[in-house]
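# Residue-level structural notes
For reference, the chains in residue letters:
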Amino acid sequence: MEIRPRYLAPHYRGSGKLAGKVALITGGDSGIGRSVAVLYAREGADVAIVYLPEEQPDADETRAAVEKEGRSCLLLPGDLCDPGFCAQAVERTVAGLGGLNVLVSNAARLNSQNSLSDLNAEDFDRVFRTNVYAYFHLVMAALPHLSHGDAVIATASEEALKGSEMMMDYAASKAAVVGFTKSIASHLARRGVRANVVSPDPPGRCSTSPASASRTTT
């Protein structure tokens, strides 16, 4: 990006809200995920971040920022479309950092198309496997490790609530994320675990999108 995202929040002071906690953050190498990782660390949490292997430089930058806050950062490169990797990410977090208290399902794939006829099944499937199925597999793998006071957090988008003329599969997948979170919330609440969704503005709202583009966004 020409303008580097700001994630350090120099005026934000931690107060130990997450002292002794462990968080697993997908898409934690950049964007929203990096901000979450750094500020969770400032609140006292050790963090594990999941990212695509080709994003290693970004992941290294995030780890350096987390460690500067005095916390540990476990790097977990891999593809969330693989259910086995989702399970491994949870188990490696528990083994490497001593437990799991907060699951943040944040990584997502985004397609932008000008016409419905340009949308294809392969892209649609990849978006849902990244944005929805990975979330499901992570929740199921994390379930045995979560207990009273822990949390599951999913990053959706306001597009989930109103749809998107250009990001059709992305908006549909985020609507599924919202629906799934609402559906599992009562089940998790019986364990004393909170389930919440955050829905920020979509990427690229103020920019001009090409006729057809795909990317993984965090």
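Structure: see above.
The present account deals with the structure reproduced in this document.

Definitions and cut-offs
Residues numbered from 1 in each chain as written. Predicted model: local features only at pLDDT ≥ 70, side-chain atom pairs only at ≥ 80, totals over all residues. Heavy atoms only, no water. Pairing = 2+ DSSP bridges. Helix = DSSP H or I, 4+ residues; strand = E, 2+ residues; numbered from the N terminus. Axes fitted to C-alpha atoms, helices over the stretch in contact; angles between N-to-C directions. Contact = heavy atoms within 4.5 Å. Buried < 20%, exposed > 50% of the residue type's maximum accessible area, 1.4 Å probe, protein only. Right-handed = clockwise from strand over helix to strand, strands pointing away. Core = buried A, V, L, I, M, F, W, Y, C linked by side-chain atoms within 4.5 Å.

Pairing is parallel in the open sheet, where six strands are placed in the order 3-2-1-4-6-7. At either margin of the open sheet sits one strand with a lone partner, and together these are strand 3 (73-77) and strand 7 (194-198). Averaged over all adjacent pairs, the angle separating strand axes in this sheet is 15°, with direction ignored. Note: strand 1 (residues 22-26) against strand 2 (residues 46-51), five bridges, orientation parallel. Bridge assignment links Ala23 to a residue of strand 2, and that residue is Val47. Against the sheet, helix 3 (residues 83-97) engages strand 1, strand 2 and strand 3, with an angle of about 160° to strand 3. On the sheet, helix 6 (residues 168-189) packs against strand 6 (151-155) and strand 7 and is oriented at approximately 160° with respect to strand 7.

So, on to the pairing of strand 1. Burial analysis of strand 1 places five of its five residues in the buried class, the great majority of the element. Burial along strand 1 is two-sided: Val22, Leu24 and Thr26 and Ala23 and Ile25, pointing in opposite directions, are all buried. Each parallel crossover has a hand, and for strand 1 linked through helix 1 (residues 31-42) to strand 2 it is right-handed. One ladder, built from three bridges, connects strand 1 with strand 4 (residues 102-105); its direction is parallel. By the bridge assignment for strand 4, Leu24 is matched with Leu103.

Let us now look at the environment of Asp125. Along the chain, Asp125 falls in helix 4 (residues 121-142). A relative accessible area of 40% means that Asp125 is categorised as partly exposed.

Counting 35 residues, the largest nonpolar core has Leu24, Leu80 and Val152 as the members making the most contacts within it. Of all elements in the fold, only strand 1, strand 2, helix 3, helix 4, strand 6 and helix 6 reach the threshold of two or more residues within this core. The greatest single-element share of this core, amounting to eight residues, is contributed by helix 4. Judged by nonpolar contacts, the second largest core, of 20 residues, contains Ala23, Ala45, Val66 and Ile153.

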